[in-house]
Amino acid sequence: MKKNINLLFLVFLIFFAEGCEKQLLDKKPLDIITDAQVWNDPNLIKAYVDNLYSRAPMSGLYMAENPALLITTLVVSDEGCTNYVWNTPDRSISGSLDASGGELEYWDYTLIRDINSFLINIKTGTVPEDDKKQYSAQVRFLRALAYFEMVKRYGGVPIVLKPQNITDGDALFVPRNKEKEVYDLIGKECDTISAVLPESYSSSDIGRVTKYAALALKSRAMLYAASIAKYGTEQLDGLVGIPKSDANSYWQASLDASKAIMDDHKFELFNKYPEDKAKNYQMIFLEKDNSEIILAKKFISKIYGHGFDDQTQPNFNYTYWGGCFSPSMELADAFEMKDGSSGVIDWPNIKGQERVIFKNKDPRFEASIMYNGQQWAWDTCRIWKGIYTETGEAKNSETEQYKGMDEVGRDQKTSQGPTTGFLLKKFLDPTKVFPLDLESDQDWILFRYAEILLNYAEASFELDHPDDALDPINQIRTRAGITALGSVTLDQIRQERRIELVFETHRFWDIRRWRIADQFLGKNLHGAYPYYHFATNQFEYEVGNADFFNRVWKQAYYYYPINETRINNNPKLIENPGYN
Amino acid sequence: MKKNHNYYGLFKPNSNWHKLLLTMKISAFLLFCCFVNIFAAPTYSQSTKISLNMKDVTVEEVFNKIEDVSEFYFLYNNKLIDVKRKVNIEADKEPIKDILNDMLSKDTKFIIYDRQIILVPSYVTALSAVMQQLKITGIVTGKDGTPLPGVNVVVTGTTKGEITDIAGKYSIDIPQGAKSLTFSFIGMQSQEINIGSSPKIDVTLVESAIGLDEVVVVGYGTQKRLNITGSVASISTKDVKSLPVANVSSGLVGRLPGIISIDRGGIPGSTPSISIRGFSEMLVIVDGVENSFNNIDPNEIESINILKDASAAIYGARAGNGVMLITTKRGKSETPTFNFNTYYGLQSPTRVAKAVDAPTYAQMINAAEIAIGHPPRYTDAEIQKYRDGTDPDYPNTNWYNEVFRKAAPISQYNLNASGGGENVRYFVSLGYLNQKGLFKSDDLGFRRYNFRSNIDSKITKSFSISLDLAGRDEFSYQPGGNVSQVMEDLGFCEPTRLAHYPDPTKLTFNGHGTTQPIGRSSKEFAGYTNQDNKYLDASLNFKYEAPFIKGLSASALITTNLIYGYMKDWGKQFYYYNYDRTTDTYTLAGVAQNSKTQLDEQLNRTANYTGQWHLNYDRTKGAHNISALIVGEYIDFSGDWFSAHREGYLTTAIDQLFAGADLAKNNNGSQTQDGRIGYVGRFNYSYASKYFVEVSSRYDASARYISTKRWGFFPSVSLGWRLSEEKFLKNISAIDNLKLRASIGKAGNDYVAQYNYLTGYNFNGSEAFGSSVNMGLISKGLANPDLSWENTLTYNIGLDGSLWKNLLSVELDVFYRKVTSVAGYRNASLPLSFGASLPQENINSFDNRGFELVLKHEKTINDLRYTIEGNVSYARKKWIHYDEPTYTDAATRERLQISGQWDNRFFGYKALGLFQSQAEIDAWPVIQDNNNNRTLKPGDIKYEDYNKDGVLNYLDNHVIGRGFVPDVIFGLNLSLQYKGFDLAMLWQGASNFNVYSRGRMTDYFDTGTIPYTYMTDYWSPTNTGAKYPRLFYSGASNNKYVSTYWLHDATYSRLKTIQMGYTIPKNLCTKIHIKSLRVYLSGFNILTLDHIYPFPMDPESGNVGENQYYHQQKSYNIGINLNF
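Residues numbered from 1 in each chain as written. Chains lettered and ligands numbered in written order. Predicted model: local features only at pLDDT ≥ 70, side-chain atom pairs only at ≥ 80, totals over all residues. Heavy atoms only, no water.

Broken down by element type, chain B carries 18 helices and 57 strands. Considered along the principal axes of its C-alpha atoms, chain B spans approximately 115 × 70 × 70 Å. Out of the 1124 residues in chain B, the part that is buried amounts to 57%. Restricting the contact set of chain B to residue pairs at least 6 apart, pairs at least 24 apart contribute 70%. Accessible surface, chain B as shown: approximately 45100 Å² in total, 56% of it carbon and sulfur. Separation of charge centres in chain B, based on 114 positive and 110 negative side chains, amounts to 6 Å. (Helix = DSSP H or I, 4+ residues; strand = E, 2+ residues; numbered from the N terminus. Buried < 20%, exposed > 50% of the residue type's maximum accessible area, 1.4 Å probe, protein only. Contact = heavy atoms within 4.5 Å. Areas by Shrake-Rupley, 256 points an atom, 1.4 Å probe, with all protein chains shown as cover. Lys, Arg positive; Asp, Glu negative; His and termini not counted. Charge placed at Lys NZ, Arg CZ, Asp CG, Glu CD.)

Right under this line is the structure:
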């Protein structure tokens, strides 16, 4: 017995010690795919490219519930206000933006590195050459787009076109390139890839970059470069600003790119509902893949959706917050009347239902801005801040009714009520009842044909061909349903751009590149608040300050700060003027 | 008998044994005799013959010689026996008895028990023979009522003594004139009881805290406290059991020096994090293998030991942050004992922030509106209606009370049995815990069932097997909205809104676009989330004592730890309504925020297999004691999970996957694996229980690293010196024990990224094209083949002392730890334009330093016994090197540099109070708002311009306080027992840390929240002495800067536990056929002293300043311990 047990014990020890090591320690991760597997497999290469798309700066509508970028970009401009504190770029607005950095940052060299790596790695694989060329062109577009997002914020940024090696030492510390060099890079890249990319894709690949997307990016980027050359000042030896002498060549480059798109006649202004101009304009942003869209980021309800409706719809239809953005009274006034006359309303002296008041406004007003009394989803929008009784007594209790009427309009009641008397309507989907986060599926349009026409008009005018500018402007006005112009001025071109592209995140960057931000920013925006008067049975308006802090604009804000962290990381970077 | 072998080890056969007797005195002596009588057969002395030939030698030298040539050894008191006397001796194969008879003088007599020879002065028996005898009997029990066999009962001042029998009974003859009896037992506090008129004296012994013979569990073995050279904190069964808390770690803080347990909210089933000396999370070993411990039933735990210094290094690459060793109970050979323990308690928050009531809210809204030039929102008449509460349209709702109840019950039951004979011993235990949450809906709570069966059986004389089986089922449930969501919702509930309609199935609107918390906190409306975790631990241990080499033993252990976790998350879409009182009709008003009918299920499995073999050698020769240990350890870990999701349910009636729509169904899953091998060696040497050396090392490998970086060597050395055994201190009777310890050891921390040596790609980031979603693939980033564990080098110096027969004992440890090759990302020193996601690298380093001090006083005066123990510890961490850019100017360095700086610093502005007037603002030279102070108003916060540049901005950030983890922790334990009554109190506190309030705690109407009552003390021209700034709507960013204004010193002390118990007298117990019964009342966290007031934050809440969590709990409990 005893012997057996001794033996058993010995066997036991051997069992443990023998051969355990390899089995226990040579473990491999179960979720990693190797280099060799990726670059020889067309499916994995495509997956890599698609991941780059998902990270590229292509959407104003964030994937999560927070439509942060869109709202932030609108609020820093003069288009409106938000009472969502966490969406508020208050540093940019209130004048406290400094070298510690702030809102609207974009510095995605991780994306750029992954693109640069792709361009080298793709060459090592065995997939067909044409696939290599096509995918390379697509990701080069994404890289150019990333540089564009950076240059429009910071001016010149470091240009890195190859994946750096960690052992590169001092060479890792890349200084800023000149602003002009970055724009030139974007222009050159667009030229190269537009020659390679297809004109269109099969339906399952819609959303990928086409030849026209590349041209559209060039059209926009060159327009920016041209206006910065013409209106801006070269500083820091060209790190910000572009020589004035280069302006015309950039106008021309933009014009050429726009013309290339126009001449191919692959796109046309959306005009599916000519009998209802407001609806027609509204549907540009709701009907997927329509004739006007050059490039859009695709969304699919629930599985790849966003929360725009959830965040932005009026409160009576909310599921969460609703009403996160309120267009300003200044913007409302900027919409002309249908006959082309001034749309400025004498708010304190006007009475009546908005549907009457706004009846003769540009139909794009009806399609873009939600106001009191407007039909929405299953009900009308009720945005009044109070009532006055027959005797002129003011009442504004949120819980009280007066003669069957709520003293405060239902959609104004909560702290998410509109801050200006208006709400955002453009992009909103009226079929979404109680929309949840991720249920919205409006595609985010990056480039559409109307912008190309506007770019063309602006470049033509700046190149002293005002006649060439007139036709594209009138195409847009006619489609929108307002009177065509007989001749055109620069201000009219800019005005048309402001209205046609409203809320599409152009305004803030446009007034910066024209260097006219000081005229529009730095002063508080207003609301026109409806009150119902029982004496007249009419709504009347009170104009009030809509911002909960004071807007301040500083000359330095034409560029964002590189910021302290980035400069500490790389002392070769030089901070932009006004931030030291 | 557990104590048996300890005591065996104490009486080492050596000629210096008398030195030990200084502490143990004659009592141990007699105790020893008794044990020998019980357990050994006295045949050796008769059969052994000895030959000697020595001239002019001392008696002592003869004893040494006899010990060398035979297995005999001698025990005596050198104060009573003259061993320096010179003798001549000649013997040829004579029995020991004859040799001694020849050699010893007339005044010395000897007794032989087997191999032990005891010398006593001959007058001992001579005296007693003529004494008139009085007999005293009684029973000696432990604190829990179990009888203690083998207790030494001695007539004080004499050698006259007896030993208690297996039932704890004794009977002793008392010489006339004797005043008292002394009861002593190794590991227990000795007691002296005066002899009264009663012939019966029953005694309860309590364990002595620094009992030198107490067995302490150390890495891969046990050691006596006497021999320990490292820093080991211990807590034993009695302390663990008396914790009326659901989890063990809540009860450890304050009891053990250096322990930091941070309880960030008391949600049922949650467990606080626990660490030592300000380190990161430590390794937890349960019965020899790595395991989680928090939800182990405290009734199953025998002891908890924490290895704080080099003593942890034996666990190698995992041990850098200390090791906690949990040992579960095992059976003893004794009559079967059944224990039934239960308690019932009521838990409630330590403090709750109250929102203002409806009229106050309306007034504050009006004031805020007026302040920005708007008309008031509520009329005076309306406010009056809210105040009156008579008009149903003007409610005054306390939403907190609508969602939470005052207190939630907790109850625990445990039944265990232990016992056994020579060959088989058992401990079996069954437990149940039921903890409810504070939601009125009763849909929040935690239940736990647990069992344990530890069986030890002796198969042959040298071979034994233990089989341990333990299982736990933990079930936690909560409504569709988790606690923090409900707390967030509560913040938005306007008190001017109704909480209920006549129809309770119709939810009201709370005034804001969030969910109504009454719905969210209820299963009926919002659905539920259930988490069910099942644990199964099985362990088989073979032990073999080699008969061929004395002192050699071997064992092998195989353990499996399996966890099955199942989660079911059933969300329901729910709505709220408008109600027309006149027509009694409800109209749908909206759907609750993000509420959606959907089902998620997830199954997790992990399996951890550990194999260990041990070779052990322990031998004493003369004054030399040697022990050696070799261990091999093999760990294999694997885990996997998968989940399923469906939505689009037509009805909420069926909460099953099959009932969901096919459209948006989804599933997911993955696997992980890990492995580890360690070879351990340890060598101990001690000389004369005076000098101690321990050397240990571990050769450790982890599958997380590349094969060339996989193996590491972790050595440690520690030394001990009992000064009290040295000549110069030996005669100072005040000193019982004084020991110096020093250790240095290297260990590791391998909680760093796994497989960092591989590059590659993961699926991540999908993108939509056309009408479908394509999978994305993303690079994992750069690889670092060199990544390995963090290295820790710990130095510890300690002092243990006990004075005046344990009246005062002290334990002091001072430590320094240096952690190098700390894993970090080289992001800061590389330009961001590099763009790669960098791998972890072993680039940073930091150190910790601190001390722990324990002072204890215990005394027994007749029936009154009391203990006072105070402990304090300090620990702080400093970065030696942190990867960051080289900052060139001093101001930037001060603001940003981490290297060379303390770790727990808090940055912000210094607030200088409130502006009292516009004139004060106009005169203020510092621009605070970037707008020439135009936006400032009286009642706004004024800040210090730290860098004196006239502008308040990020450049003015500087250190304004410490972080959220305390540097200083202290505890004060008081306990006293008088007859059947016992009282124990634990005061615990901490200092050198802060809490910070933000969000809703500081902002009157932050994003639409409701102010708290303390905020009514806001600044206004008529309340210039206010504590808080002027009323502001969102946007007054000046008052929200991170500053000293909202940073609070969190120093606190609190009555962590108090317990009062009563043990039913013995004779009553006997009548109802039980062994003992104790009833107690206890309280947990019931009193807190701090100066955070009026901010309603618990000092232990840390950085959760928005108050959106389940609050820290206090509880009152009633319980019984029954033994039968």
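From this point, things continue past the structure.
Let us now look at the sheet that holds strand S14 (residues 538–545) of chain A. Residues and elements named next belong to chain A. In spatial order, the strands read S8-S7-S13-S14; together these four strands make up an open sheet with mixed pairing. Since the sheet does not close on itself, it has two edges, and those belong to strand S8 (394–395) and S14, each with one partner. Note that strand S13 (residues 526–533) and S14 share eight bridges and pair antiparallel. Its bridge partner lying in S14, glycine 527 is registered against glycine 544. (Pairing = 2+ DSSP bridges.)

Attention now goes to the packing of helix H4 (residues 42–55) of chain A against helix H7 (residues 109–121) of chain A. Residue and element names in this part refer to chain A. Two elements in contact, H4 and H7, have axes whose closest approach is 10 Å; the angle formed by their N-to-C orientations is 155 degrees. Between H4 and H7, the angle falls in the class roughly antiparallel. Of the two possible hands of crossing, H4 and H7 adopt the one that is left-handed. Across the interface between the two elements, Ile45, Tyr48, Val49, Leu52 and Arg55 of H4 pack against Thr110, Leu111, Asp114, Ile115, Ser117 and Phe118 of H7. Taken together, the residues that form the contact of H4 with H7 break down as seven nonpolar, two polar and two charged. (Axes fitted to C-alpha atoms, helices over the stretch in contact; angles between N-to-C directions. Parallel < 35°, antiparallel > 145°, perpendicular 65-115°, else oblique. Left-handed = near helix turned anticlockwise from the far one by under 90°. Nonpolar A, V, L, I, M, F, W, Y, C, P; charged D, E, K, R; others polar.)

Turning to the sheet that holds strand S21 (residues 323–328) of chain B, a few remarks are in order. All names here are of chain B. Taken together, five strands build an open sheet; the order of strands is S15-S20-S21-S18-S19 and the sheet is mixed. Taken across any chain shown, the strands that pair with only one partner, and hence form the sheet edges, are strand S15 (232–236) and strand S19 (289–290). Bridging between strand S18 (residues 283–286) and S21 involves four bridges; their strand directions are parallel. Bridging across to S21, valine 284 finds its partner in methionine 324.

Before going further, it helps to examine the pairing of strand S26 (residues 463–479) of chain B. Looking along a regular strand, one sees side chains alternate from face to face of the sheet. All names here are of chain B. Pairing between strand S25 (residues 445–458) and S26: 14 bridges, direction antiparallel. Bridge assignment links phenylalanine 451 to a residue of S26, and that residue is glycine 471. Joining the antiparallel neighbours S25 and S26 is a turn of four residues. As defined by bridge partners, S26 adjoins strand S27 (residues 527–545) across 17 bridges and the pair is classed as antiparallel.

The interface of chain A with chain B comprises 96 residues on the first partner and 110 residues on the second. Of the roughly 8400 Å² buried between chain A and chain B on both sides combined, carbon and sulfur atoms contribute 61%. Put simply, chain A and chain B have two salt bridges between them. One salt bridge connects Lys297(A) with Glu767(B), and the closest N-O pair in it is separated by 3.0 Å. Taken together, the elements giving at least two residues each to the side of chain A that touches chain B come down to helix H1 (2–17), helix H2 (20–25), helix H3 (35–39), H4, helix H6 (90–94), H7 and helix H22 (564–569) of chain A. If one sorts the elements of the side of chain A that touches chain B by residue count, H4(A) sits on top with nine residues. When grouped by side-chain class, the residues that make up the side of chain A that touches chain B number 43 nonpolar, 26 polar and 27 charged. (Buried area = accessible area lost by both parts, 1.4 Å probe. Salt bridge = Lys/Arg side-chain N within 4 Å of Asp/Glu carboxyl O.)

Residue and element names in this part refer to chain B. Bridge analysis of strand S31 (residues 598–621) against strand S32 (residues 624–647) gives 24 bridges, and the strand direction is antiparallel. For threonine 620, the partnering residue across the bridge sits in S32 and is asparagine 625. Hairpin connection between S31 and S32: a loop of two residues separates the two successive antiparallel strands, and glycine 622 in this loop has a positive phi of roughly 60 degrees. Taken together, the 22 bridges between S32 and strand S33 (residues 666–687) define a ladder with antiparallel strand orientation. Paired with leucine 629 across the two strands is arginine 682, which belongs to S33.

With that settled, consider unusual backbone geometry. Residue and element names in this part refer to chain B. Despite not being glycine, aspartate 56 shows a phi value in the positive range, around 50 degrees. Here aspartate 56 lies in strand S1 (residues 49–58). With a relative accessible area of 54%, aspartate 56 lands in the exposed category. Phi at histidine 1073 is positive, roughly 60 degrees, even though this residue is not glycine. Structurally, the position occupied by histidine 1073 is in the loop between helix H18 (1066–1071) and strand S56 (1076–1090).

Quick look at the packing of aromatic side chains now. Residue and element names in this part refer to chain A. Using the criterion set out here, one finds 82 aromatic pairs over all chains in the structure. Aromatic pair tryptophan 347 and phenylalanine 422: ring centres 6.0 Å apart, planes at 65 degrees, arrangement edge-to-face. Of this pair, tryptophan 347 sits in the loop between helix H14 (329–334) and helix H15 (354–357) while phenylalanine 422 sits in the loop between strand S10 (405–406) and strand S11 (423–424), placing them 75 residues apart in sequence. One exposure class covers both tryptophan 347 and phenylalanine 422, and it is buried. A connected cluster of aromatic rings, assembled from ring pairs, spans Phe335, Trp347, Phe358, Phe365, Tyr371, Phe422 and Tyr541. When the ring centre of tyrosine 529 is taken as reference, the NZ or CZ atom of lysine 385 above it lies at 4.2 Å. (Phe/Tyr/Trp six-rings, centres within 6.5 Å; stacked < 30°, edge-to-face > 60°. Lys NZ or Arg CZ within 6 Å of the ring centre and 35° of its normal.)

Quick look at the pattern of salt bridges now. As enumerated under the stated definition, the model contains 94 salt bridges over all chains in all. Connected through shared salt-bridge partners, Glu292(A), Glu336(A), Asp362(A), Arg364(A), Lys426(A), Arg448(A), Arg477(A), Arg479(A), Glu496(A), Glu500(A) and Glu504(A) make up one network.

Another point: the packing of helix H10 (residues 211–231) of chain A against helix H11 (residues 247–264) of chain A. Residues and elements named next belong to chain A. One way to put it is that H10 packs onto H11 with a least axis distance of 7 Å and a crossing angle of 155 degrees. By the angle between their directions, the pair H10 and H11 is classed as roughly antiparallel. Pair H10 / H11 crosses with left-handed handedness. In terms of residue class, the contact of H10 with H11 is built from 15 nonpolar, four polar and four charged.

What follows concerns the state of the cysteines. Under the definition given, this model contains zero disulfides over all chains. In this structure Cys81(A) is a free cysteine whose sulfur lies 12 Å from that of Cys324(A), the closest cysteine sulfur available. (Disulfide = S-S within 2.5 Å.)

If you look at the biggest cluster of nonpolar residues, it comprises 176 residues, and the most contacted ones within it are Phe118(A), Phe141(A), Tyr147(A), Tyr183(A) and Ile186(A). Examining the composition of this core, we find that 14 residues originate from one element, H10(A), more than from any other. Those residues in contact with Phe141(A) that sit more than four places away from it in its chain are Ile193(A), Val209(A), Ala213(A), Ala214(A), Leu217(A), Leu295(A) and Phe447(A). Membership of the second largest hydrophobic core comes to 54 residues, among which are Tyr909(B), Ile960(B), Phe993(B) and Tyr1014(B). (Core = buried A, V, L, I, M, F, W, Y, C linked by side-chain atoms within 4.5 Å.)

So, on to the side chain of Arg477(A). Residue and element names in this part refer to chain A. Along the chain, arginine 477 turns up in helix H18 (residues 466–480). Of the residues examined, arginine 477 reaches a relative accessible area of 2% and is grouped as buried. A polar atom in the side chain of arginine 477 sits 3.1 Å from the side chain of glutamate 336. Non-local contacts of arginine 477, meaning those with residues more than four positions away in its chain, are made with Glu336, Gly340, Ile482, Thr483, Ala484, Leu485 and Glu496. (Polar contact = N/O pair within 3.5 Å; in protein donor to acceptor, adjacent residues only side chain to side chain.)

This part takes up the environment of Arg507(A). Residues and elements named next belong to chain A. Here arginine 507 shows up in helix H20 (residues 507–513). Owing to a relative accessible area of 7%, arginine 507 belongs among the buried residues under this scheme. When sequence neighbours within four positions are dropped, the list of residues in contact with arginine 507 reads Ser77, Asp78, Glu79, Arg498 and Phe520.

This part covers the confidence of the model for chain B. Residues and elements named next belong to chain B. Within chain B, residue pLDDT values average 83, and 91% of them lie at 70 or more. Here residues 1–42 is a poorly scored stretch, pLDDT under 50, and it has 105 contacts once near neighbours within four places are set aside; other chains count. Throughout residues 126–132 the model reports pLDDT below 50, and contacts reaching past four residues in sequence, or to other chains, amount to five contacts. Our summary of model confidence lists the complex with pTM equal to 0.78 and ipTM equal to 0.88. (pLDDT = per-residue confidence, 0-100.)

Once that is clear, we can look at H4(A). End to end, H4(A) covers 20 Å across 14 residues, agreeing with the expected 20 Å (1.5 Å per residue, within 8%). Measuring from the backbone nitrogen of Asn43(A) back to the side-chain oxygen at the start of H4(A) gives 2.8 Å, which picks out Asp41(A) as the cap. (Expected span 1.5 Å × (residues − 1).)

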